[in-house]
Amino acid sequence: MRPIGFSTGALAFADFRRGLKMIDKRGIRYVELSALRQEELYPLFLGLEHLDLSNFSYVSIHAPSKINQNEEEAVVEMLQAISQRGWPIILHPDAVHDFSLWRRIGKLLCVENMDKRKSIGRTVKELNQVFDKLPNATFCFDIGHARQVDPTMNVAHFLLKEFGRKLIQVHLSEVNTRSKHDSLSLASILAFQEVAEMIPDNIPIILETTVSEDKMESEMGRALEALTAKPQLLAVV
Amino acid sequence: MKPVQSSVDTLEQQLGKSWTQLKTARGRAEIKREELRSALRGIDSEDTSVVVFGSLGRDEFTDASDIDWTLLVDGGADPMHLELTREIDNKVKELASKTVGREGLFGTIAFSHELVHQIGGEDDTNRNTTRRILLLLESRVVGRNEAYDRVITQILKRYVLEDDGFVKGTGKFHVLRFLLNDFARNWWTMAVDFAYKKRRRFGQGAAIRNIKLRFSRKLIYVSGLLSCFGCHMALDELKPTGVCPGIGSAPECVECLHRRLQRTPIEILADAFLYLPHMNETAKKIFDAYDGFLGILSDKDSRDRLEGLGSEKYENDEVFKAARELSHEFREGLNDLFFDQQSLMCELTKNYGVF
């Protein structure tokens, strides 16, 4: 079975402790600790010392999606300190003001492809421009973003083809027309299956779907279904 | 993105010709699109693109050309879209010499749903088919291209994935028959609609439409045929990626076709001749004729004359006769190209263009 877990942000927004509890309670061993808003990062940074993460075999941190330019260096320093634990730092490339600061995090910096609202980081061409500035960074493939940018999944196909060797994490969710993460629909499951075989079985899958606690298991089941390549589709794709 | 190097320029140099009308029209189109881009900045979004068609899309713009545009929507319906079209219309009118055509094809909103889902069947109206085919063969986006690229990719994916012979490689030739059939259908529809419009408008404007049918409309079809044949003939010049992805590689085929169709029809035709150097004389004949056609449209007196001629008069008009003579050269050249026996063209034309 694929290694699959949740983002604390999707389950409990800024309350990473509650999100973590929800995940741990179900024996899930893969987690992304979310600090999607800049003001959430410092509490998370301080809180890490007191978190029991011994049950988790994979932990990543989602960096803030918007960063005040004057505080960018302090944000990077905090994330760099966290990365010393060996945890990948998931980064939205449009949050960056000064790429040279982020190069310090090296290969533990993990760049995510963007949704259609953003003007960078959506396609191979745009992400190549980012990786040119962050040559050691790895890749977090957000399959929902890729589908929103191109429902035919061609953009997804070419992202995986180009950056597959850098891939260390997958974000999985439905991204709706308002660019919000949502639970998986049948249409997104069928679309994701088109590129499922391009995602190695050992890559951690982090669900960003906003589901209530009682729906977590069923959502994981749907996610696994979405990442199962269909033989009849493979025959033609 | 259009390639920097123009194949028409390369062919022109190789053949020692000077096609000044083609070059001038291309320059005018680039300037006009830039003016539009600047005037319409901020109107589009990630879900909407302003798309131009016709001579502006084909790089054949003259001072008297109209600006055919559509607001392409690929996203949620929004009542404000109508306001956007009014805003675009006002801006375009400031930059255009004429208003858009009468059939309601342009100057309005087009939704991706119809274009992607309704290929064939009763709901695929003349208007929808024409929009879809022109979107593929002679459109250019001015401004944000996200919606435009998404819609074209979705349409092309349908043509590729739903063409069993193409995707599975079961046919004798690696040609997209589904797409080619739709190109052919649109060409014959345009030809039939010429007679329809002539009748409905009591001959008004029939002369200029006749000449356009003989040249620019025909060229659109020609570029569609060549684009489909290009997959089998491995025409490197028709494959901007340079490497054929081969049978069964749907995403790569869609990407390759998308890039190929971003070239203008005249560039696609020039690409073919660069691949078929034994047809240099034919190339001269075709491009000389087309350059002459653009010369007539660029000349105000000639164009005004053609536009003013009724159906009962135009057959004997000197300007019309001169244009028609050029069109015969153009047609003969195209017949030579498509029935060339030294390449696979004749074989493909017989199999896909006839029976």
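The rules we used
- In this numbering scheme, every chain counts its residues from 1 along its sequence in written order.
- All chains are assigned letters beginning at A, and all ligands numbers beginning at 1, according to the order in which they are written.
- Restriction of local features to residues with pLDDT of at least 70 applies here, the model being predicted, together with a cutoff of 80 or more for giving and counting side-chain atom pairs; totals for whole chains, interfaces and linings are based on all residues.
- Strands are runs of DSSP state E lasting at least two residues, helices are runs of H or I lasting at least four, and both sets are numbered from the N terminus onward.
- In this scheme, a helix's expected span is set at 1.5 Å multiplied by one less than its residue total.
- Burial in this document is a count-based property: other C-beta atoms within 10 Å of a residue's C-beta are tallied, and the residue is buried at 20 or more, exposed at 12 or fewer, or partly exposed in between, with C-beta positions derived from the backbone.
- Arc definition: directions from the helix axis to the C-beta atoms.
- When DSSP finds two or more bridges between a pair of strands, those strands are recorded as paired.
- Helix axes use the C-alpha atoms of the stretch in contact, all axes being lines fitted to C-alpha atoms, and the angles between their N-to-C directions lie in the range 0 to 180 degrees.
- Each residue carries a pLDDT score, the predictor's confidence in it, ranging from 0 to 100.
- Once C-beta atoms have been placed from the backbone, residue pairs whose C-beta atoms lie within 7 Å are recorded as contacts.
- An angle below 35 degrees is treated as roughly parallel, one above 145 as roughly antiparallel, one from 65 to 115 as roughly perpendicular, and anything else as oblique.
- In a left-handed crossing the near helix is turned counterclockwise from the far helix by less than a right angle, and in a right-handed crossing that turn is clockwise.
- Polar here means any residue other than Ala, Val, Leu, Ile, Met, Phe, Trp, Tyr, Cys and Pro, which are nonpolar, and Asp, Glu, Lys and Arg, which are charged; Gly is therefore polar.

A.B. asks: Which residues make up helix H2 (residues 20–39) of chain B, and what values go with them?
C.D. replies: All names here are of chain B. Here H2 contains 20 residues, and its C-alpha end-to-end distance of 29 Å stays within 8% of the 28 Å for a straight helix at 1.5 Å per residue. All of the buried residues along H2 are Gln21, Leu22, Ala25, Arg26, Ala29, Lys32, Arg33 and Leu36. Take H2 and look down its axis: the buried residues cluster within an arc of 135°, on one side only. Exposed residues pointing more than 90 degrees away from the buried face of H2 are listed as Gly27, Ile31, Glu34 and Ser38.

A.B. asks: Explain the sheet that holds strand S5 (residues 109–112) of chain A residue by residue, including any values.
C.D. replies: Residue and element names in this part refer to chain A. Strand order around the closed barrel formed by eight strands is S1-S2-S3-S4-S5-S6-S7-S10, with parallel pairing between neighbours. Direction aside, the axes of adjacent strands within the sheet are offset by 30° on average. In the sheet, strand S7 (residues 167–172) pairs with strand S10 (residues 205–207) via three bridges, with the strands oriented parallel. Residue pairing in the sheet places Val170 in a bridge with Ile205 of S10.

A.B. asks: Quick rundown of the confidence of the model for chain B? Include the residues and the values.
C.D. replies: Residue and element names in this part refer to chain B. Scored by pLDDT, chain B has a mean of 91; 93% of the residues are at 70 or more. Note that pLDDT drops below 50 for residues 237–241; the model gives that stretch 20 contacts with residues more than four away or on any other chain. This prediction of the complex comes with two scores: 0.90 for pTM and 0.82 for ipTM.

A.B. asks: Lay out the packing of helix H10 (residues 206–233) of chain B against helix H12 (residues 265–275) of chain B in plain terms, naming residues and giving numbers.
C.D. replies: All names here are of chain B. Here H10 crosses H12 at 50°, and the two axes come no closer than 9 Å. Between H10 and H12, the crossing angle belongs to the class labelled oblique. Regarding H10 and H12, the two cross each other, and that crossing is left-handed. On the side of H10, the interface is formed by Leu219, Ile220, Val222, Ser223, Leu226 and Ser227, while H12 contributes Pro265, Ile266, Ile268, Leu269 and Ala272. Considering only residue class, the contact of H10 with H12 consists of nine nonpolar, two polar and no charged.

A.B. asks: Before we move on, can you summarise the sheet that holds strand S4 (residues 140–142) of chain B with the specific residues and values?
C.D. replies: Residues and elements named next belong to chain B. Reading across the sheet, the four strands line up as S3-S2-S1-S4 and stay open at both edges, with mixed pairing between neighbours. The open sheet has two edge strands with one neighbour each: strand S3 (108–111) and S4. Averaged over all pairs of adjacent strands, the angle between strand axes in this sheet comes to 40°, irrespective of strand direction. Of the pairings in the sheet, the one linking strand S1 (residues 48–52) to S4 comprises three bridges and is antiparallel in character. Paired with Val52 across the bridge in S4 is Arg140. Across the sheet, helix H4 (residues 80–95) touches S1, strand S2 (69–73) and S3, and the angle it forms with S2 is around 155°.

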